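The primary structure of each chain is shown beneath.
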Amino acid sequence: MEILYRSTRSNAVASASQAILKGLSEDGGLFVPEKIPALDKTLQELSTMTYQEVAYEVMKLFLTDFTEEELKNCIANAYDSKFDTEVIAPLAEAGGAYYLELFHGKTIAFKDMALSILPHLMITSAKKNHADKDIVILTATSGDTGKAALAGFADVPGTKIIVFYPKNGVSPIQEKQMVTQKGDNTLVVGIHGNFDDAQTGVKKLFSDKDLEKEMADKGYQFSSANSINIGRLVPQIVYYVYAYAQLLAEGKIAAGEKINAAVPTGNFGNILAAFYAKNMGLPINKLICASNENKVLYDFFSTGEYDRNRDFVLTSSPSMDILISSNLERLIYRIAGDNPEKTEALMKALSGEGKYEITSEMKEKLDDFYGNFAKEEEAFGKIKALYEDTGYVIDTHTAVASAVYDKYKASTGDKDTLTVIASTASPFKFARSVMQAVDPKYGDAVWGDFELVDELSKLANVEVPEAVEEIRSASVRHTAICEKDGMKDVVRDFLKL
Ligand SMILES: *Cc1c(COP(=O)(O)O)cnc(C)c1O
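The rules behind these values
- Residues numbered from 1 in each chain as written.
- Predicted model: local features only at pLDDT ≥ 70, side-chain atom pairs only at ≥ 80, totals over all residues.
- Heavy atoms only, no water.
- Salt bridge = Lys/Arg side-chain N within 4 Å of Asp/Glu carboxyl O.
- Helix = DSSP H or I, 4+ residues; strand = E, 2+ residues; numbered from the N terminus.
- Buried < 20%, exposed > 50% of the residue type's maximum accessible area, 1.4 Å probe, protein only.
- UniProt positions renumbered as here; feature names shortened; annotations may be inferred.
- Contact = heavy atoms within 4.5 Å.
- Pairing = 2+ DSSP bridges.
- Axes fitted to C-alpha atoms, helices over the stretch in contact; angles between N-to-C directions.
- Phe/Tyr/Trp six-rings, centres within 6.5 Å; stacked < 30°, edge-to-face > 60°.
- Lys NZ or Arg CZ within 6 Å of the ring centre and 35° of its normal.
- Near = heavy atom within 4 Å.
- Polar contact = N/O pair within 3.5 Å; in protein donor to acceptor, adjacent residues only side chain to side chain.
- Areas by Shrake-Rupley, 256 points an atom, 1.4 Å probe, with all protein chains shown as cover.
- Nonpolar A, V, L, I, M, F, W, Y, C, P; charged D, E, K, R; others polar.
- 1 Å grid on protein atoms, 1.4 Å probe; cavity = no way out; pocket = protein on both sides within 12 Å on 5 of 7 lines; lining within 4 Å.
- Points joined across faces, edges and corners; volume = space filled by probe spheres on them.

As a further point, take the pattern of salt bridges. Enumeration over the complete set of coordinates arrives at 30 salt bridges. A salt bridge links Lys41 to Glu57; its shortest N-O distance comes to 3.4 Å. Here Glu57 lies in helix α3 (residues 51–62) and Lys41 lies in the loop between β3 (31–33) and α2 (43–46), a separation of 16 residues in the sequence. Of the residues examined, Lys41 reaches a relative accessible area of 27% and is grouped as partly exposed. Residue Lys60 is joined to Glu57 by a salt bridge in which the shortest nitrogen-to-oxygen separation is 2.8 Å. Of this pair, Lys60 and Glu57 both sit in helix α3, three residues apart, which is roughly one turn of that helix. Among the residues examined, Lys60 registers a relative accessible area of 21% and is labelled partly exposed. Judged by relative accessible area, Glu57 falls into the buried class, the value being 11%. In this structure, a network of salt bridges that share partners links the residues Asp40, Lys41, Glu57 and Lys60.

Dropping the structure here:
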C-alpha cells in the first residue's frame, strides 16, 4: 500500500522520495505519513533478524516508492563497518534498565543512526525524481547532527553541506569534530547565538524565495538533514523495533509484553520515532520524555501550554538545549486530528507570541507520554551513582533520561515494566562533564580534553573510540564565524551566487 506524505500546514502532498528531497514543505510545514503502517512481520519473526533486515522490514512500509533493491542498497551502504559493532545498536543492562546504545557509528552519537543512511536515501530520491540540481544540505546543529551530517555527506557527488552551530553552545570535542571536517563540499560556521537562533535562521533561508531563485539559476536546491526530514525520522523507528526484537530473542520479555522507552529529548525527533513505532504495533507502554533544565516539553505535557518565552539555559547536555522542539509539530498535527489549519494556527502563535495552548480534547490524546526533567546535579548524580554501583558509564544526555526514569518509577509506581533507555551519545564525547560528575577533581581546568578522555578510558575500562582518536591531531579546517543575521551571506559566498 502506498504511503503519501502530507504537510502539517496545508494540503500539500508528496511521495516519500519527494518528501526526503524537499526536507520541509513549501508552506513551512513538516511532512507526515498520511497513516502509520502496521508491522507486517510478527515480533517472533523480527526477533530472528539482523539490524539490517529489521531496517528493511520497517522502512519498506514508509518509503513505499523505493524499490526493494534501492532500499536494500541504501541500508547495506549505511549500516556496515562504519559501526564498531555488528549488531549496530546493542543493549546493555545496568542498574535495573536496558541502555540502547545508539552511539556505535562514525561520530559516536545517535544521529549516526539516521545520518549514515540519509545521504543514500537522498541520492536515490534525486535519481527517482530526475532532479537535475545539486543538493545543498543546510543544517543547524546543537552539536551532534552537524558532525554526523558532515560525515555522511562529505565528498558525496552532487551534494554540498553547510552546517551552522552555536559558537559557545557545544562541547569542546563536538566543536573539534566539526571544525576538522574534511571534504571540499563541506562548510562549518559558528554563529553568535544559541541553537534556536541557528535553527530559526536555517528555516528562514529555506523559505527565502529570492535565495531559492538565485540558487536554481546556478543549479542548486536546498534540502535538510535536520530531524524535520522524514528521511531521518523513519530510520530512527528501526532501533526501537530492533531493541524489542532483541529483548524477545534473549528471553527478557514475552512476545506482546509491553516495555517503556525513556528518551533524552531535544527536538522531539527520537521520541517521535518511538511513538511511531508504538503506532505500528510495537508493544510500548509509556514514552518517557526526558528534558534537561530547558524543560519546555515537561511544562507542555503538564499544562498543555507550550511557551518558549523563558531563558535559554546552557547545560552539560547541549544537544538537548532547545526551546523550540521542531518535531513536536508532527504530534500536534496528529492530536489535532490531522488538521493542517489548526496546526498552522498554533505554529503561527509560536513564531509570533512564542507560545500556544492546546485544547483539553487534544491534551487527552497525550496519554502515551510521561514528561519530566532532570536538573544538572540530578544528571551528574546519576552518572556517579550508576558508575559506582555497576561500573557502567553513561553520557550526560543519557543521564538525563536515566534520572527522569527514576522519577517516573517513583511517581507512578511502575517498577516492573522493562524499560529501555535510549543512550544517545558515547560518554567520550562529553568526557569533561562525565569525569567531573564521577569526581569533582576533574572539573579543574588543568585537565586537558584528551587527558580526560584517557582517564575515562581507564575508569570505564573501554577503549577510546576511533572517532575521538582521529581528532586528537587533526588540523582545523573551518574557522568562519557569523552573526545571526549574517547566515544568508555565508551561504551566498560559499555557493558563489
Ligand atoms: C540530538 C540529541 C538528542 C536529542 O534528540 P532529539 O531527537 O532532538 O530529541 C539527545 N541526545 C543526544 C546526544 C543528541 O545528539
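Under the UniProt annotation, "modified residue: N6-(pyridoxal phosphate)lysine" (unreviewed entry) lies at Lys111. Among the secondary structure elements, Lys111 is positioned in helix α5 (residues 111–115). Overall, the relative accessible area of 10% leaves Lys111 in the buried class. Among all residues touching Lys111, those that are not within four sequence positions of it are Asp144, Thr145, Ala148 and Arg232.

The subject of this paragraph is the sheet that holds strand β9 (residues 220–223). Pairing is parallel across the open sheet formed by five strands, whose spatial order is β9-β6-β7-β8-β16. What marks the edges here is a single partner per strand, and that holds for β9 and β16 (481–483). Going from strand to strand, the sheet's axes swing by 30 degrees on average, the running direction of each strand aside. With six bridges connecting them, strand β6 (residues 134–140) and strand β7 (residues 159–166) associate as parallel partners.

Right, let's talk about the packing of aromatic side chains for a bit. In total, this model carries 19 aromatic pairs according to the counting rule given. For the pair Phe300 and Tyr356, a centre-to-centre distance of 6.4 Å together with 65 degrees between the ring planes defines the contact as edge-to-face. Taken as a pair, Phe300 in helix α13 (residues 296–303) and Tyr356 in strand β13 (residues 355–357) lie far apart in primary sequence, 56 residues in all. Among the residues examined, Tyr356 registers a relative accessible area of 5% and is labelled buried. These aromatic residues form a ring-pair network of at least three members: Phe268, Phe275, Tyr276, Phe300, Phe301, Tyr306, Tyr356 and Phe369. The cationic tip of Lys72 hangs over the ring face of Tyr56; the distance from NZ or CZ to the ring centre is 4.6 Å. Positioned above the aromatic ring of Phe66, the side-chain terminus of Lys128 is 5.6 Å from the ring centre.

UniProt's feature table lists "domain: Tryptophan synthase beta chain-like PALP" (unreviewed entry) at residues 100–421, given in the numbering used throughout. Split by type, residues 100–421 is 47% helix and 17% strand. Its first and last C-alpha atoms lie 6 Å apart.

Further remarks concern the site of the ligand. The local shell around the ligand holds 15 residues, among which Lys111, Asp144, Gly266, Asn267 and Asn270 are the closest. The contact in question runs from an oxygen atom of the ligand to an N or O atom on the side chain of Asp144, over 2.5 Å. In isolation the ligand offers 380 Å² of accessible surface; the protein chains occlude 98% of this area. A class-by-class count of the residues in the shell around the ligand yields five nonpolar, eight polar and two charged.

Attention shifts here to the layout of surface pockets. Within this model, the largest pocket holds a volume of roughly 950 Å³. Every residue lining the largest pocket is counted, 37 residues in all, and those nearest its centre are Leu24, Gly28, Lys203, Phe206 and Ser207. Elements that contribute at least two residues to the lining of the largest pocket include exactly α1 (16–22), α9 (195–206), α10 (209–217), β9, α14 (328–335) and α15 (340–352). It is α9 that provides the largest number of residues to the lining of the largest pocket, a total of seven residues. Considering only residue class, the lining of the largest pocket consists of 15 nonpolar, nine polar and 13 charged. Taken as a whole, the second largest pocket spans an internal volume of roughly 580 Å³. Looking at the second largest pocket, it is lined by 30 residues, and the ones nearest its centre are Lys106, Thr107, Lys147, Ala151 and Glu470. Of all the secondary structure elements, the ones that give two or more residues to the lining of the second largest pocket are α5, α6 (118–128), α7 (144–153) and α21 (466–469). If you tally residues by element for the lining of the second largest pocket, the top one is α7, at four residues. Along the lines of polarity and charge, the residues of the lining of the second largest pocket split into 11 nonpolar, 10 polar and nine charged.

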